[in-house]
Amino acid sequence: MAALKSFVEVRPESHFPIQNLPYGVFKPDPASPPRPGVAIGEYVLDLSEIASAGLFDGPLLRGSDSFHQLTLNKFVSLGRAAWKEARATIQKLLSSTEPTLRDNATLRQKSLVPISKVELLVPTAIGDYTDFFTSFHHAKNCGTIFLGPENPIPKNWYYLPIAYHGRASSVVISGTDISRPRGQIFPVGDSPPSFGPSKKLDFELEMATIVGPGNPLGKSVDVNDAADHIFGLVLMNDWSARDIQRWEYVPLGPFLGKNFGTTISPWIVTLEALEPFTCDAAKQDPPPLPYLAEKVSKIYDLSLEVQIKPAGREHGIVVTKSNLKNLYWTLTQQLAHHTVNGCNLNPGDLLGTGTISGPDPDSLGCLMELSWNGQRPLSLNGVTRTFLEDGDEVIFSGVCKGDGYNVGFGTCSGKVLPSPK
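**Observations concerning the environment of Leu78**
Next, step 1: If you trace the backbone, Leu78 turns up in the loop between helix 2 (73–76) and helix 3 (80–94).
Next, step 2: Note: C-alpha distance between Leu78 and Leu60 (18 residues apart in sequence) is 8.9 Å.

**Comments concerning the environment of Leu274**
Next, step 1: Structurally, Leu274 can be placed in helix 8 (residues 271–274).
Next, step 2: For the pair formed by Leu274 and Tyr300, sequence separation is 26 residues and the distance between their alpha carbons is 7.1 Å.
Next, step 3: In contact with Leu274, not counting residues within four places along its chain, are Leu233, Val269, Tyr300, Leu302, Cys400, Val407 and Phe409.

**Side note on the side chain of Glu98**
Next, step 1: One can find Glu98 in the loop between helix 3 and helix 4 (99–102).
Next, step 2: Although Glu98 lies buried, it forms no salt bridge, and the closest oppositely charged side chain, Lys92, sits 4.3 Å away as judged by the N-O distance.
Next, step 3: Looking at Glu98, its side chain comes within polar contact range of the side chain of Thr100, at 2.3 Å.
Next, step 4: Non-local contacts of Glu98, meaning those with residues more than four positions away in its chain, are made with Lys92 and Leu93.

**Side note on the pairing of strand 20 (residues 303–309)**
Next, step 1: Note: strand 20 against strand 21 (residues 317–323), six bridges, orientation antiparallel. When the sheet's bridge partners are listed, Leu304 is paired in strand 21 with Ser322.
Next, step 2: Direction of pairing for strand 20 relative to strand 25 (residues 393–401): antiparallel, over a ladder of seven bridges. Across the sheet, Gln307 pairs through a bridge with Ile395, a residue of strand 25.

**Quick word on the nonpolar core**
Next, step 1: One finds Phe203, Met207, Leu274 and Leu324 to be the most contacted residues of the largest nonpolar core, which totals 55 residues.
Next, step 2: With four residues, strand 26 (residues 406–417) is the single largest residue contributor to this core.
Next, step 3: When neighbours within four sequence positions are excluded, Met207 is seen to be in contact with Leu233, Val234, Leu235, Met236, Leu302, Leu304, Leu324, Leu351, Gly352, Thr353, Ile356 and Phe409.

**A closer look at the sheet that holds strand 21**
Next, step 1: Across the sheet, five strands lie side by side as 9-26-25-20-21; this open sheet has mixed pairing. The sheet terminates laterally at strand 9 (178–179) and strand 21, the two strands that pair on one side only.
Next, step 2: Examined bridge by bridge, strand 25 and strand 26 share eight bridges and lie antiparallel to one another. Residue pairing across strands places Val394 opposite Gly414, the latter belonging to strand 26.

**Things to note about unusual backbone geometry**
Next, step 1: Of note, the bond from Val250 into Pro251 is cis; its omega dihedral lies within 30 degrees of zero at 10 degrees.
Next, step 2: Its place among the elements puts Pro251 in the loop between helix 7 (242–248) and strand 16 (262–264).
Next, step 3: For the bond from Asp285 to Pro286, the omega torsion is 10 degrees, close enough to zero to count as cis.
Next, step 4: Even without glycine at this site, Leu21 takes up a positive phi of about 60 degrees.
Next, step 5: Secondary-structure assignment places Leu21 in the segment before strand 1 (23–27).
Next, step 6: When its relative accessible area of 2% is taken as the criterion, Leu21 is described as buried.

**Focus: the pattern of salt bridges**
Next, step 1: Scanning the entire structure with this criterion turns up 16 salt bridges.
Next, step 2: Here Lys110 and Glu49 are joined by a salt bridge, their closest N and O atoms 3.9 Å apart. Placement of Lys110 in helix 5 (residues 105–111) and of Glu49 in helix 1 (residues 47–52) is noted, with a sequence separation of 61 residues between them.
Next, step 3: The class for Glu49 is partly exposed, based on a relative accessible area of 22%.
Next, step 4: Close ionic contact of Arg242 with Asp202 constitutes a salt bridge, the shortest N to O distance being 2.9 Å.

**Re the state of the cysteines**
Next, step 1: Taken as a whole and judged by the stated rule, the model has zero disulfides.
Next, step 2: Unpaired in terms of disulfides, Cys279 finds its nearest cysteine sulfur in Cys400, a separation of 9.2 Å.
Next, step 3: The structure places no disulfide on Cys412, whose sulfur is separated from the nearest cysteine sulfur, that of Cys366, by 15 Å.

**Quick word on the sheet that holds strand 1**
Whether parallel or antiparallel, the strands of a sheet pair through hydrogen bonds between backbone atoms.
Next, step 1: The strand order across the open sheet formed by five strands is 4-3-2-1-5, and the pairing between neighbours is antiparallel. Whereas interior strands pair on both sides, the edge strands pair on one side only; in this sheet they are strand 4 (112–114) and strand 5 (119–121). Each adjacent strand pair in this sheet contributes to an overall mean axis angle of 45 degrees, direction not counted.
Next, step 2: Pairing geometry for strand 1 and strand 5, over three bridges, is antiparallel. Paired with Val25 across the two strands is Leu121, which belongs to strand 5.
Next, step 3: Its contacts with the sheet place helix 3 against strand 1, strand 2 (35–40) and strand 3 (43–46), and it is angled at close to 65 degrees to strand 1.

**Focus on the packing of aromatic side chains**
By convention here, two paired aromatic rings are described through the distance between centres and the angle between planes.
Next, step 1: Per the counting criterion, the structure on display carries 15 aromatic pairs.
Next, step 2: A connected cluster of aromatic rings, assembled from ring pairs, spans Tyr23, Phe56, Phe67, Phe75, Trp83 and Phe231.
Next, step 3: The positively charged end of Arg35 is found above the aromatic ring belonging to Phe26, 6.0 Å away from the centroid.
Next, step 4: Across the ring face of Phe186, the terminal group of Arg246 is positioned such that the distance to the ring centre comes to 4.2 Å.

**Side note on the side chain of Thr355**
Next, step 1: You can see Thr355 is positioned in the loop between strand 22 (350–352) and helix 10 (367–370).
Next, step 2: The contact partners of Thr355, leaving out residues within four places of it in the chain, are Ser135, His138, Glu204, Leu205, Glu206, Gly365, Cys366 and Glu369.

**Overview of helix 9 (residues 331–339)**
Next, step 1: Of all nine residues in helix 9, nine are buried, a share of seventy percent or more.
Next, step 2: Among the residues of helix 9, those classed as buried are Leu331, Thr332, Gln333, Gln334, Leu335, Ala336, His337, His338 and Thr339.
Next, step 3: Contacts made by the buried residues of helix 9 are with strand 6 (129–132), strand 7 (163–165), strand 13 (205–211), strand 14 (230–237), strand 19 (298–300) and strand 22.

About the criteria used
- Residues numbered from 1 in each chain as written.
- Predicted model: local features only at pLDDT ≥ 70, side-chain atom pairs only at ≥ 80, totals over all residues.
- Heavy atoms only, no water.
- Helix = DSSP H or I, 4+ residues; strand = E, 2+ residues; numbered from the N terminus.
- Contact = heavy atoms within 4.5 Å.
- Buried < 20%, exposed > 50% of the residue type's maximum accessible area, 1.4 Å probe, protein only.
- Lys, Arg positive; Asp, Glu negative; His and termini not counted.
- Salt bridge = Lys/Arg side-chain N within 4 Å of Asp/Glu carboxyl O.
- Polar contact = N/O pair within 3.5 Å; in protein donor to acceptor, adjacent residues only side chain to side chain.
- Pairing = 2+ DSSP bridges.
- Core = buried A, V, L, I, M, F, W, Y, C linked by side-chain atoms within 4.5 Å.
- Disulfide = S-S within 2.5 Å.
- Axes fitted to C-alpha atoms, helices over the stretch in contact; angles between N-to-C directions.
- Phe/Tyr/Trp six-rings, centres within 6.5 Å; stacked < 30°, edge-to-face > 60°.
- Lys NZ or Arg CZ within 6 Å of the ring centre and 35° of its normal.

Okay, here's the thing in structure tokens:
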């Protein structure tokens with residue numbers, strides 16, 4: 001695969017070589033309707049133009065209008081065989097040895113648009129959003145902070161991928177500003193709670209599954225078939241107001257401490273592109289119950305990084321380096337568990353992994369862990385942080401390192417604005 005080259009120039013450090021081909025939705029100009037595209041180097045390949053030219057000519061996509069939609073929902077619903085057919089067609093068209101697009105100047109000009117000139121949008125219409133809690137190190141650290149070191153992780157965590165249902169309406173695309181939320185703040189001692197802007201605004205380093213074909217209400221997905229229901233992954237920042245969350249989460253879990261904003265990256269990297277980077281998943285002890293026991297339990301060796309760029313600074317400062325393989329429960333176990341009671345998932349739904357923390361001090365996936373709930377300030381080249389300040393920009397990136405190429409996600413960023421008056 002590494003030998004495959006595109007006629008489109010792709011820099012060696014690019015996240016978007018021909019081996020990747022992540023899907024997104026974009027507007028080439030403000031007056032144009034959204035349309036699906038694929039990233040290649042510093043360009044977007046407009047799939048609506050490729051479809052109009054009749055170049056999706058395989059048996060599953062010939063005549064399909066899935067690339068003439070405003071979102072990717074119809075395409076992701078078609079399933080793995082259609083995804084593979086599309087990928088093979090796009091890779092062939094972009095190949096340096098294929099003249100069809102390379103030598104057609106008119107079609108090339110219409111279909112290849114600089115990423116710098118387009119508006120990137122949330123790629124699917126997200127009907128439902130669920131956020132899991134599946135990193136052992138994050139669970140242990142959070143439990144230690146709030147419950148003490150004796151029994152930081154509840155017994156049920158080892159038996160099921162714990163999750164809560166989030167708010168799909170506040171999922172936004174990378175680059176969208178996030179206003180500091182207001183709410184009831186955890187009280188001190190016997191005093192009543194206060195009300196005001198959160199003083200403990202945090203990021204959470206996550207990834208998220210984009211669901212492909214759904215499942216009917218009442219019918220669960222077998223864990224060994226779950227990968228066929230996953231179209232791909234995005235980066236995700238589950239912004240969290242820790243002081244609001246701490247006061248409200250008992251007994252029903254997160255609410256206003258979470259639902260004010262969730263940021264995702266614009267490009268969905270498919271499981272086909274990630275396949276060369278599979279590795280063994282974490283050993284699970286005790287063994288999972290039979291419905292969660294996988295014949296092959298795998299995850300992806302995918303490096304993740306978080307930078308914070310304080311207001312007025314030109315460059316961000318790296319505060320976290322983690323890896324997707326730090327998850328305890330796999331992506332497929334998460335999806336299968338979500339459906340085991342008969343819950344129906346739909347194409348385009350979003351399933352967050354939960355904060356991805358590693359075992360080392362510099363691999364912790366949120367400021368609550370990095371600053372140990374404010375007790376250990378971080379030094380950011382002359383300024384300190386325990387939690388996020390107004391004007392801070394948080395930038396996630398994720399990449400798999402191949403043999404002479406990268407398969408990456410670009411960035412997932414957002415800037416903190418002051419709380420509305």
